[in-house]
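Summary of the model geometry
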Amino acid sequence: MNNDTNITLPDQQPLGAVTFAENPEPRCPCLLLLDTSGSMAGQAITELNNGIREFYNELQNDSLAIKRVEVALISFGPVRVISEFNTAECFFDPELVAVGDTPMGEAIRKGIEMIKNRKEQYRANGISFYRPWIFLITDGEPTDEWQSAAAMVREGENAKSFAFFAIGVHKADMKILKQISVREPVKLQGLKFREFFQWLSNSMKSASRSNPGDRIALASPIGWSEI
Amino acid sequence: MRWKITHASVTGKAHTDRGETGQDYHKAGTIQFSDSEFFIGIAADGAGSTTDGGRGAEIACETLYAQITGLVRDVGDLSCISDKDVRSWITSSRDAIAAEAVQHGKKLRDYACTILGAIAGNDRAIFFQIGDGAIVAGSDTEYKTIFWPEQGDYANSTFFITDEQFLDHLHVFHEKSPDEIALFTDGLQNLVLSFSQKRAHAGFFRPLFEALKKDPENGFPGFSAQLENFLRRDDISARSDDDKTLVLAVRTG
């Protein structure tokens with residue numbers, strides 16, 4: 001390919017001086033509401049911790065996801081904010097411990113509040129963002145008032161303020177989850193947290209790449225859910 | 001007074017990775033009318049979630065370009081062109097897309113795309129836009145965005161010519177003709193606009209316009225090839241894996 005010498009360019013690198021605007025990446029927020037009540041003790045909590053570690057690992061190894069995906073963690077039994085919304089760079093190992101009852105209603109209300117605040121921060125800083133995702137993972141039933149939380153979930157889904165997903169583990173009360181989540185709750189196969197988080201990180205990676213006009217399609221939860 | 005132009009569309013990694021073709025399209029050129037020359041540039045970005053957004057973008061650019069050149073040749077003066085003319089071009093382009101959709105048994109929204117348009121003569125210029133991407137106008141050292149990219153509530157939503165309420169999101173602006181014009185689709189907007197300061201990044205536009213001004217000939221094929229290579233550069237792909245279109249015009253003489 002040496003036959004292009006008949007064209008002499010005025011400057012071999014005329015576009016070399018171009019620089020880019022320093023621009024904050026659009027954010028893709030994901031909130032995990034994790035049941036850490038006493039019944040999760042033993043292998044369940046170990047697998048959950050491993051799954052979360054894996055999840056952060058996957059996000060850290062993706063050049064766009066590490067800048068765009070923001071994860072927040074709330075555990076309940078009692079309700080605690082383990083991590084505010086942060087990109088995967090700021091990961092610390094949460095080492096969740098299973099103890100207490102299941103204040104699911106309070107956790108959901110707290111989570112929705114966190115999403116609302118985060119969106120306000122994005123707007124104030126001129127950062128664009130994707131529709132937030134909330135994942136509720138529980139192996140039991142709420143031990144507190146949950147109807148008001150369910151109403152907030154319905155309201156948020158209707159207004160497209162967020163997308164809410166419920167995952168039931170073991171003996172989770174799927175009937176109540178159905179009343180909380182507008183979307184059909186999914187039952188985790190055994191303790192396949194690792195497979196679930198693998199699926200979630202893949203979904204977050206593709207969501208964080210989506211461009212205007214893209215519909216974000218979640219892959220089917222094959223491999224970790226009971227159909 | 002003449003215009004020097006260059007333009008390129010490249011397919012983003014998001015599409016090439018999935019073996020898809022790009023969904024950006026553009027059409028740009030100049031027409032001579034007595035002693036003045038007019039620049040006409042149109043760019044469109046087909047929606048990523050659609051089957052035929054790329055085709056919608058192509059129909060939109062081609063039909064808009066044909067209508068605009070027709071009217072400019074008829075009237076020869078941009079001050080005679082009103083917002084109503086722009087609305088009527090957009091409406092007939094949308095009709096052309098709808099006709100093809102019907103012909104293929106598809107829905108209009110399968111052809112969703114954004115629209116960016118610029119027409120500039122000696123004194124006057126007209127700009128229009130639906131959705132995201134942006135148009136930047138420069139005079140000497142000042143660069144300004146004509147319209148800011150219009151997004152929906154979320155980062156991955158915007159407005160399209162195929163929308164039901166498309167005229168509500170059509171923005172039209174008339175002003176004194178600038179010396180430099182750039183049209184670009186959303187694949188570039190995060191790199192070349194500062195969202196926190198809400199302005200065009202001069203460090204991007206100035207060297208590009210300078211290089212085009214220094215380029216010896218109008219339509220010199222080497223320059224658009226360089227522009228294409230530039231848009232494919234790794235540091236650009238790392239920041240945006242979407243399709244990218246850039247149309248540049250500078251006034252000479």
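Remember, it's a predicted structure, so these values are computed and weren't measured experimentally.

Across its full length, chain B holds seven helices and 12 strands. The dimensions of chain B, computed from C-alpha atoms along their principal axes, are 50 × 45 × 35 Å. Looking at the 253 residues of chain B, the share that counts as buried comes to 56%. In chain B, once contacts between residues fewer than 6 apart in sequence are set aside, the share between residues at least 24 apart is 73%. Total accessible area computed for chain B in this model is approximately 10,000 Å², and 46% of it derives from carbon and sulfur atoms. Each charge class in chain B was averaged separately, 26 positive and 38 negative side chains, and the resulting centres sit 2 Å apart.

Moving on, we get to the pattern of salt bridges. All names here are of chain B. Within the structure shown, the criterion is met by 20 salt bridges over all chains. Note that Glu37 and Arg2 form a salt bridge whose closest N and O atoms lie 3.6 Å from each other. Taken together, the residues span a long stretch of sequence, with Glu37 in strand β3 (residues 36–45) and Arg2 in strand β1 (residues 2–10) at a distance of 35 residues. Overall, the relative accessible area of 2% leaves Glu37 in the buried class. The partly exposed category is assigned to Arg2, whose relative accessible area is 42%.

Turning our attention to the interface of chain B and chain A. Contact residues are listed per partner, giving 41 residues for chain B and 35 residues for chain A. At the boundary of chain B with chain A, total buried surface from both sides reaches about 3,100 Å², with 53% on carbon and sulfur atoms. Of all residues in chain B, the largest losses of buried area upon contact with chain A belong to Tyr154, Asn156 and Arg239 of chain B, amounting jointly to 24% of the total for that side. Scanning the region where chain B abuts chain A turns up one salt bridge. The shortest N-O distance in the salt bridge between Glu25 of chain A and Arg239 of chain B comes to 3.7 Å. For the pair chain B and chain A, the number of links is six residue pairs in polar contact (both at pLDDT 80 or more). Of all the secondary-structure elements, those providing two or more residues to the side of chain B that touches chain A are α4 (186–192), β10 (193–194), α5 (202–214), α6 (221–231) and α7 (234–237) of chain B. When residues in the side of chain B that touches chain A are grouped by element, the largest group, five residues, is from α5 of chain B.

Residues and elements named next belong to chain B. The antiparallel open sheet is built from five strands, whose spatial order is β2-β3-β4-β5-β8. Both edges of this open sheet fall to β2 (24–33) and β8 (170–176), since each of them pairs with a single strand only. Taking each pair of neighbouring strands and ignoring which way they run, the sheet shows an average axis angle of 10°. In terms of strand pairing, β3 meets strand β4 (residues 115–120) through five bridges, oriented antiparallel.

Right, let's get into the environment of Glu58 of chain B. Within the secondary structure, Glu58 of chain B sits in helix α2 (residues 53–75). Placed 33 residues apart in sequence, Glu58 of chain B and Tyr25 of chain B show a C-alpha to C-alpha distance of 5.5 Å.

Residue and element names in this part refer to chain A. Look at helix α1 (residues 43–60): 26 Å from first C-alpha to last across 18 residues, which is about the 26 Å you get at 1.5 Å a residue. Along α1, the residues that are buried comprise Ala44, Ile45, Leu48, Asn49, Gly51, Ile52, Phe55, Tyr56 and Leu59. The buried residues of α1 occupy an angular sector of 160° when projected down its axis, which confines them to one face. Among the structural elements, β1 (28–35), α2 (65–68), β2 (69–76), β3 (80–87) and α6 (193–209) are those in contact with the buried residues of α1.

This part takes up the side chain of Ser240 of chain B. All names here are of chain B. Its location among the elements puts Ser240 in the loop between α7 and β12 (244–252). On the accessibility criterion, Ser240 (9% relative accessible area) is buried. Within polar-contact distance, the side chain of Ser240 engages the backbone oxygen of Gly187 at 2.6 Å. In contact with Ser240, not counting residues within four places along its chain, are Gly187 and Leu191.

Residues and elements named next belong to chain A. Per-residue confidence for chain A averages 85 on the pLDDT scale, and 89% of its residues sit at or above 70. In the model of chain A, strand β7 (residues 225–226) stands out as the element of lowest mean pLDDT, 78, in contrast to helix α4 (residues 147–158), which has the highest, 96. Predicted confidence is poor over residues 1–12, with pLDDT under 50, and the contacts of this stretch with residues over four places away or in other chains come to six contacts.

In this structure the tally under the stated criterion is 22 aromatic pairs over all chains. A centroid spacing of 5.9 Å and a plane angle of 10° characterise the contact between Tyr143 of chain B and Phe209 of chain B, whose relative ring orientation is stacked. Note that Tyr143 of chain B is positioned in strand β7 (residues 142–145) and Phe209 of chain B in helix α5, a separation of 66 residues in sequence. Of the two residues examined, Tyr143 of chain B and Phe209 of chain B, each falls in the buried class. Taken together, Phe55, Tyr56, Trp133, Phe135, Phe165, Phe196, Phe197, Trp199 and Trp224 of chain A form an aromatic cluster joined through their ring pairs. A cation over an aromatic ring shows up here: Lys27 of chain B above the ring of Tyr65 of chain B, its NZ or CZ 5.3 Å from the ring centre.

Conventions and cut-offs
- Residues numbered from 1 in each chain as written.
- Chains lettered and ligands numbered in written order.
- Predicted model: local features only at pLDDT ≥ 70, side-chain atom pairs only at ≥ 80, totals over all residues.
- Heavy atoms only, no water.
- Helix = DSSP H or I, 4+ residues; strand = E, 2+ residues; numbered from the N terminus.
- Buried < 20%, exposed > 50% of the residue type's maximum accessible area, 1.4 Å probe, protein only.
- Contact = heavy atoms within 4.5 Å.
- Areas by Shrake-Rupley, 256 points an atom, 1.4 Å probe, with all protein chains shown as cover.
- Lys, Arg positive; Asp, Glu negative; His and termini not counted.
- Charge placed at Lys NZ, Arg CZ, Asp CG, Glu CD.
- Salt bridge = Lys/Arg side-chain N within 4 Å of Asp/Glu carboxyl O.
- Buried area = accessible area lost by both parts, 1.4 Å probe.
- Polar contact = N/O pair within 3.5 Å; in protein donor to acceptor, adjacent residues only side chain to side chain.
- Pairing = 2+ DSSP bridges.
- Axes fitted to C-alpha atoms, helices over the stretch in contact; angles between N-to-C directions.
- Expected span 1.5 Å × (residues − 1).
- Arc of directions from axis to C-beta.
- pLDDT = per-residue confidence, 0-100.
- Phe/Tyr/Trp six-rings, centres within 6.5 Å; stacked < 30°, edge-to-face > 60°.
- Lys NZ or Arg CZ within 6 Å of the ring centre and 35° of its normal.

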